[in-house]
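Below, each chain spelled out in residue letters.
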Amino acid sequence: MARSQVARLYSQIVFGKPVLVISLLLLVVVFFAWYAQYFRLDASADSLLLENDPDLEFSREVNIRYGIRDSVIVAYTPEGELFDRAELAKMERLRQDLLAIDRVQSVDSILNVPIFGDTPLTGISEDYLTLMDEETDLLLAQQEIMSSPVFQNALLSPDGETAGMQVSFAIDQTARGLISRRTELRNLELAGDISPEQIQELAAIEAEYAEYSVGAADRQHQIIGEIRATLDNYRDGAQIYLGGAPMIADDLVTFVQGDLNNFSIAVVLLIIFALGIIFRRVRWVAMPLICCAAAGTIMVGLLGLMDWRVTVVSSNFISLLLIITISLTVHLTVRYRELRATRHYSDHDKLLRHAVLSMFRPCLYTALTTAVAFGSLLVSGILPIITFGWMMMMGVATALIVAFTLFPSIMSLLQKDDTKMSSQLKLNLTGALARATDKLRMNVLVIYTLVLAFSVMGLSMLRVENSFIDYFRESTEIYQGMALFDDKLGGTLSFDVVIDLPEQGAGSDDGFDDGFDDSFDDGFDDGFDDGFDDGFGDSGNDDAYWFTAPKMQQIKSIHEYLDNDAQTGKVLSFGAIVQLAEILNGNQEVDGFLWAILYNRIPETLMSTVLTPFVSIADNQTRFNVRVIESAPDLNRNELLQRIEAGVEEEFGFEDDQVRLTGILVMYNNVLQSLFQSQILTLGVVMLAIMLMFLTLFRSLYIAVICIIPNAIAAAFVLGIMGWLNIPLDIMTITIAAISVGIGVDNTIHYMHRFKREFPRFGNYRETMFFCHNSIGRAMYFTSMTIVAGFSILALSNFIPTIVFGLLTSLAMLVALTGSLTLLPQLLITFKPLGPETVENA
């Protein structure tokens, strides 16, 4: 009774007052169109991280402790000789121009590194030469830098032809303070010790940080843009590339925005073309596009209103919304045209009501099952993925509401469509599939068994990996730049190995016990002050004792162990300083006493580059920054990180809690592993949830099991193809499982709903199949062909994830369509879940 009342009320409003409905929808669209101006893409690297990841919090602690700043790297390869006075002067002008950019704190390069020459270790002071000093012998300086364990393969390529310039940004103390306080309050909240006042403070800080981060991302984009503009002024006579994590994150968003701008119009034009070929009437082309425009505007405005930012992960949500909206409107269109063709003398309004009301239930359940598929993203624990899940669930609801209000309202105001629906279609795939299914019979099940075996084999080869260089075509500048950094400057992206060293008392036997007895300690201060007036008194004494010879040797050994791994690039640590000190000491080990002298003699200009970023005396801790060769073909980041951590612990006898890995690569790897576990391994749970939806809709466990089989095979096939083609599951492709299931269930529900309704009329499974293929099958066919036509243009993108998304989405559409029009009817014919036939086959 309640259902009929709702249907009556719906009919009275939508069909009885179409102008009112259209006016209200127009007001809603205008309202959300205003907030569309606040819609934005999030360019920050943090947008792709697990917010509650302990490694993220630890990484922030490490960044504060070691004063680590965001930075980009410039690779500079002149056409002439790099170590030429004119070329060095040009580089110096570039360096000064970069330093003039707002928020650029420092630019380190071969121009400002110390040239020691034949200076002995004990002669190091503030008064050192650089390449820019006229008295510096450039040939000898080139050889020294090329052989330096600190600077070679970092600021200078091994062949001496490419220079690296590290452009470091000023630390954003405001953002750091907000994040720090937010973390404190969140920890209190998790522990249950937070007060009402602190709850209010947490809400205020989260709102403030959300607003502040928008400006911070815009500033970062502006800075990188200014750096690129500066580099453009120096490209004449030199090959220049820009690299670094901030640049990659910014470029990802730039490529996504570029694809949205470049391909949106092309996709729409191809969809218009496909709809025009299929329906050959302006109204049937315009109707889906009007509904798509309304649903898209509402969703974009809603995201702007809620300040839900779209990341590179969720950037395809508009495309998916387009698919869902077109699917709903095409199904309504085909149902109306089908009724129009079979009931020539019925009233237009009556036919429209019948078409819309008869399609509401299957469309509602397709929307619900699609929402369930995307709802699986909510358990990922990754904010952008969770947001993407909510976006799609809201998008599905929006598409359903728009399609079932705007479509019937506009149609109510139009005159009836008298065009006949031809039974002879060009490329009539539905008829061909019906005949093929009828001819093959049980062989259909054999074929799909083989397809399933093929898919399972592909699934076994599916790997979880995240290679940023593989996101771009080889012809693009960013790919060529990252390849150059890998080849000549030790890689771009990196991770940190942070080690808590064993506790050693000041003045212990392994410290200054290099020919000095304990009595030396009594006169050490006086003797040192008398000989070297470098301030090595009470304030520096304790810190100087930290630099013991065995400790330095251990740091050097760890450095060499990391550097010798075949899959690591440049390793930056204090171990390289130990190596350099031994070279300057005549290739002899440096004793503890000399380390104490060096600690107090190290120039202040070098302290911030060679000591502070790698050593924390107060925490008895040291940091190793390990770059990774992104372009290595056999690189498995998860395996590399596990091997490094376990190897350092086993090789040097550290406990598990003494060695921790952190950094951008570690956190991206955590995201991937979490996504793999939450999405791929729980795909069975999603299938179970959808089967429950089938059970509710069709009220038969038998039918629910039959319906889930084509969808399971379709999802397995798409993922299996990825395995066979060596397309990894990464940040960008991990959601394809949910997309495949979400698309597949639509066709299954529509076909099964129509089959179940028509079977009593025909009393024969094969006759019912032929009828359904030529009715609801057409709507499924039209929808799939329209989407495939539109999304095929994405293959022309320079951004590989866009290409993969377009092709895999098209493949998912085709596989879902084929499965619903071959395997599903054959399963129905074989197992007869609707009861025995009452009419023999013709």
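Described below are features of the structure shown in this document. (Residues numbered from 1 in each chain as written. Predicted model: local features only at pLDDT ≥ 70, side-chain atom pairs only at ≥ 80, totals over all residues. Heavy atoms only, no water.)

1. Things to note about the overall build of the protein chain
Cut-off, in case you're wondering: Secondary structure is summarised from DSSP: a helix means a run of H or I of at least four residues, a strand means a run of E of at least two, and numbering begins at the N terminus for each. In these tables, accessible area is a Shrake-Rupley quantity obtained with a 1.4 Å probe, and a residue counts as shielded only by the protein chains included in the view. Only four residue types enter the charge count: Lys and Arg as positive, Asp and Glu as negative, with His and the chain ends excluded. Where a charge lies is defined by one atom per residue type: Lys uses NZ, Arg uses CZ, Asp uses CG and Glu uses CD.
Each helix and strand in the protein chain was counted, giving 31 helices and 9 strands. Surface summary for the protein chain: the accessible area is close to 35,500 Å², and the carbon and sulfur share equals 57%. Placing the 56 positive and 99 negative side-chain charges of the protein chain at their respective mean positions leaves the two points 29 Å apart.

2. A closer look at the layout of surface pockets
Just so we agree on the cut-off: With a 1 Å grid spanning the protein atoms alone, the term cavity applies to any set of points in which a 1.4 Å probe fits but cannot get out, the term pocket to an open set with protein on both sides within 12 Å along at least five of seven lines, and the term lining residue to any residue with an atom within 4 Å of a point. Grid points are joined across faces, edges and corners, and a volume is the space filled by probe spheres set on the points. Side-chain classes follow a simple rule in which Ala, Val, Leu, Ile, Met, Phe, Trp, Tyr, Cys and Pro form the nonpolar group, Asp, Glu, Lys and Arg form the charged group, and the remainder, Gly included, forms the polar group.
There is about 870 Å³ of room inside the second largest pocket. What lines the second largest pocket is a set of 41 residues, among which Val256, Leu260, Ser264, Ser315 and Ile318 lie closest to the centre. Of all the secondary-structure elements, those providing two or more residues to the lining of the second largest pocket are α7 (196-232), α8 (245-279), α9 (282-306), α10 (317-342) and α30 (800-821). The leading source of residues in the lining of the second largest pocket is α8, at 12 residues. Considering only residue class, the lining of the second largest pocket consists of 23 nonpolar, 12 polar and 6 charged.

3. Comments concerning the sheet that holds strand β2 (residues 104-108)
Here is the rule: Strand pairing is assigned whenever DSSP identifies at least 2 bridges connecting the two strands. Here the axes come from fitting lines to C-alpha atoms, over the contacting stretch only for helices, and the angles between their N-to-C directions go from 0 to 180 degrees. It only takes one pair of heavy atoms within 4.5 Å for two residues to be counted as in contact.
Reading across the sheet, the 4 strands line up as β2-β3-β1-β4 and stay open at both edges, with antiparallel pairing between neighbours. Each having just a single partner strand, β2 and β4 (238-243) make up the two edges of the open sheet. For this sheet, the mean angle separating the axes of adjacent strands, direction not counted, is 20°. For strand β1 (residues 71-78) and strand β3 (residues 163-169), the ladder comprises 6 bridges, and the chain directions are antiparallel. Counterpart to Ser71 in the pairing with β3 is Ser168. Along the sheet, helix α4 (residues 85-99) contacts β1, β2, β3 and β4; its crossing angle with β2, the most-contacted strand, is approximately 160°. Contacts from α7 reach β1, β3 and β4 within the one sheet, and its direction differs from that of β4 by about 170°.

4. Some details on a nonpolar patch on the surface
Threshold: Exposure above 30% relative accessible area and no salt bridge define the residues that can form patches, which grow by joining like charges within 9 Å and nonpolar side chains of Val, Leu, Ile, Met, Phe, Trp and Tyr within 5 Å. Between Lys or Arg on one side and Asp or Glu on the other, a salt bridge is scored when a side-chain nitrogen of the former is within 4 Å of a carboxyl oxygen of the latter.
Taken together, the side chains of Leu688, Leu692, Leu695, Leu701, Val705 and Ile709 make up a nonpolar region of the molecular surface, amounting to roughly 480 Å² of accessible area. Counting residues per element, the ones that place at least two in the nonpolar patch are α25 (683-698) and α26 (701-724). Relative to the elements of secondary structure, Ile709 occurs in helix α26.

5. What to know about empty space enclosed by the protein
Throughout the structure, instances matching the rule amount to 9 cavities of 30 Å³ or more. For the largest cavity, the calculated volume is near 290 Å³. Along the wall of the largest cavity there are 21 residues; nearest its centre are Ile124, Ile577, Leu598, Ile602 and Val610. Put simply, the parts of the chain that give the lining of the largest cavity at least two residues each are α20 (574-584), α21 (592-601) and α22 (604-611). Considering each element in turn, the lining of the largest cavity owes the most residues, 5 residues, to α20. Taken together, the residues of the lining of the largest cavity sort by class into 20 nonpolar, no polar and 1 charged. Of all the secondary-structure elements, those providing two or more residues to the lining of the second largest cavity are α10, α11 (348-375), α27 (736-762) and α29 (776-791). When residues in the lining of the second largest cavity are grouped by element, the largest group, 5 residues, is from α27. For the lining of the second largest cavity, the class distribution of residues is 8 nonpolar, 6 polar and 1 charged.

6. Comments concerning unusual backbone geometry
The line we're drawing: Any residue under 20% of the maximum accessible area for its type is buried, any over 50% is exposed, and the rest in between are partly exposed; the area is computed with a 1.4 Å probe on protein chains only.
You will see that Arg103, though not glycine, has its phi angle at about 75°, which is positive. Relative to the helices and strands, Arg103 is located in the loop between α4 and β2. Overall, the relative accessible area of 23% leaves Arg103 in the partly exposed class. If you check the backbone angles, Asp307 has positive phi at about 55° while not being a glycine. Among the secondary structure elements, Asp307 is positioned in the loop between α9 and α10.

7. A look at the side chain of Thr822
Let me state the cut-off plainly: We define a polar contact as two N or O atoms separated by no more than 3.5 Å, with the added condition that, inside protein, one atom must be a possible hydrogen donor and the other a possible acceptor, whereas residues neighbouring each other in sequence contribute only through side-chain atom pairs.
Locating Thr822 in the fold gives a position in the loop between α30 and α31 (823-831). Using a relative accessible area of 8% as the deciding quantity, one classes Thr822 as buried. Separated by 2.7 Å, the side chains of Thr822 and Tyr448 make a polar contact. Setting aside residues up to four positions removed in sequence, Thr822 forms contacts with Leu433, Thr437, Val444 and Tyr448.

8. Brief notes about helix α5 (residues 138-147)
How we decide: Summarising the geometry, the arc corresponds to the directions from the helix axis toward the C-beta atoms.
Within α5, burial applies to Leu138, Ala141, Gln142 and Ile145. Angularly, the buried residues of α5 cover 100° about the axis, an arc narrow enough to put them on a single face. Seen from the buried face of α5, the exposed residues on the opposite side, beyond 90 degrees, are Leu139, Leu140 and Ser147. Where α5 is buried, its residues touch α4.

9. Digging into the side chain of Glu582
Structurally, Glu582 is set in helix α20. For Glu582, a relative accessible area of 10% gives the class buried. With residues near it in sequence (within four places) discarded, Glu582 still touches Gln553, Lys556, Asn587, Gln588, Glu589 and Val590.

10. A closer look at the nonpolar core
Rules: Nonpolar cores are built from buried Ala, Val, Leu, Ile, Met, Phe, Trp, Tyr and Cys residues. Side-chain atoms within 4.5 Å join them into one set.
Of all hydrophobic cores here, the largest spans 242 residues; its most connected members are Ile110, Ile227, Phe495, Val497 and Phe574. The contact partners of Ile227, leaving out residues within four places of it in the chain, are Val72, Leu98, Ile101, Val167, Phe169 and Leu242. Listed in part, the 8 residues of the second largest apolar core include Ala175, Ile179, Leu185 and Tyr209.

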